[in-house]
Amino acid sequence: MKTYNLASSAQGWASKISELLKQVLGTERFPVDIVTLAQEYSMQIYPNEPIIAVQGADLPGFEGALYRLKKGWAVFYNDSIRSKGRIKFTLAHEFGHYLIHRLDHPEGMQCTSQDTVRWDSAYGLIEQQANTFAANLLMPFDDFRSQIPATTRVTLDMLSHCADRYGVSLMAATLQWLRYTAKRAVLVVSRDGYVLWSRSSEPAFKSGVYFKTSENLIEIPSTALPNRTDLLVDGRASIQHPANVWLNEEVQEVVLMADQYDFAISLLLLDGSSTFELPEDDYI
Ligand SMILES: [Zn+2]
């Protein structure tokens, strides 16, 4: 089986195209116009098999797809999805499959919401690569760091600003921020009172703060915001929990949104700065 080098495929492609956009568009390159980019860039580098269509389609059970056509490729998103940010991420994910995986998948691919929404290592390598490509193309770390420095304690407004800047969902922006922040923070996705999956920032993980959802069924605290819908305003709220609620230390919980997906998203912000340095380069 062919093995891929993540750095030279997903990250390599994303930084190459980001550089190009920076040169051509400068500070006006955000949000990335993925529809035009996918078609024009593929025509430039692979004129014999460009992406010739990017559009919505009836894709029950799938978030997006890459299909082979007679003279090129088509990228589709599920047209029942209303979130523009989610669609943009899906299109970038499929563009990543086109660049990195089309030779091994000559007829194309279909991707579920699990493939594109959850950036988790439990999922296949090629889905991870497509997500890494999409995240780094739409939200390059150099620009993200200039918006929210790694040592800044984040607020919901800051993350909302970045979600708007990059045209992605608040969750996608938060997941990308978690990949470089020097702060301890954990994103927890839950449904019906149980943790579905979570993602810790590197400093949080290294301080032992993470949830082992693959081994245990973890119930969220009764006072956690997903259980306190009375406190939500426009699907958002923030609350300070004492120790021994979420963790054995104090936690600020921010609920990102509750209506766009059928799950709740809590961001847990912890005090205390990291005792180690994170590299400036992308470390994933
Ligand atoms: Zn995929």
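Quick look at the structure, then. (Residues numbered from 1 in each chain as written. Predicted model: local features only at pLDDT ≥ 70, side-chain atom pairs only at ≥ 80, totals over all residues. Heavy atoms only, no water.)

1. Considerations on the overall build of the protein
Then step 1. Counting its secondary structure elements, the protein contains nine helices and nine strands.
Then step 2. In the protein, which comprises 284 residues, the proportion classed as buried is 52%.
Then step 3. Working note: accessible area of the protein is about 13500 Å², and carbon and sulfur atoms make up 50% of it. (Helix = DSSP H or I, 4+ residues; strand = E, 2+ residues; numbered from the N terminus. Buried < 20%, exposed > 50% of the residue type's maximum accessible area, 1.4 Å probe, protein only. Areas by Shrake-Rupley, 256 points an atom, 1.4 Å probe, with all protein chains shown as cover.)

2. Topic: the coordination of the zinc ion
Then step 1. Ligation of the zinc ion by protein atoms is provided by H93 (NE2), H97 (NE2), C111 (SG) and E127 (OE), these donors lying 2.0 to 2.2 Å from the ion.
Then step 2. Around the zinc ion sit four donor atoms; with metal-centred angles ranging over 89 to 137 degrees, the donor geometry is irregular.
Then step 3. Written as a sequence motif, the donor residues of the zinc ion are H-x3-H-x13-C-x15-E. Placement of the pair is C111 in strand β4 (residues 108–111) and E127 in helix α5 (residues 125–138), with a sequence separation of 16 residues.
Then step 4. For C111, a relative accessible area of 0% gives the class buried.
Then step 5. Relative accessible area serves as the criterion here: at 8%, E127 is assigned to the buried category. (Donors = N, O, S within 2.8 Å, 3.2 Å for Na, K, Ca; no water. Tetrahedral: all angles 85-135°; square planar, octahedral: opposite > 155°, others 65-115°.)

3. Details of helix α7 (residues 156–166)
Then step 1. Taken together, the buried positions of α7 are L156, L159, S160, C162, A163 and Y166. In a view along the axis of α7, the buried residues occupy a sector of 160 degrees, so they form one face of it. Exposed side of α7, more than 90 degrees from the buried face: D157 and D164 are the residues found there.
Then step 2. Downstream of α7 by a residue or two, G167 has a phi angle that is positive, lying close to 70 degrees. (Arc of directions from axis to C-beta.)

4. Observations regarding the side chain of E49
Then step 1. When you line up the elements, E49 lands in the loop between α2 (34–45) and β1 (51–57).
Then step 2. Within the structure, E49 has its side chain in polar contact with the side chain of R102 (distance 3.3 Å).
Then step 3. Apart from residues lying up to four places away in sequence, E49 is in contact with R68, G72, W73, Y98 and R102. (Polar contact = N/O pair within 3.5 Å; in protein donor to acceptor, adjacent residues only side chain to side chain. Contact = heavy atoms within 4.5 Å.)

5. Re the sheet that holds strand β3 (residues 72–78)
Then step 1. Here four strands make up an open sheet; going across it, the order is β1-β3-β2-β4 and the pairing mixed. Both outer strands of the open sheet, β1 and β4, are each paired with one neighbouring strand and no more. Put simply, the sheet's adjacent strands are angled 20 degrees from each other on average, direction ignored.
Then step 2. Each of β1, β2 (64–69), β3 and β4 touches helix α3 (residues 84–101); the most contacted strand, β3, lies at about 150 degrees to it. (Pairing = 2+ DSSP bridges. Axes fitted to C-alpha atoms, helices over the stretch in contact; angles between N-to-C directions.)

Any link to function would need more than the numbers given here.
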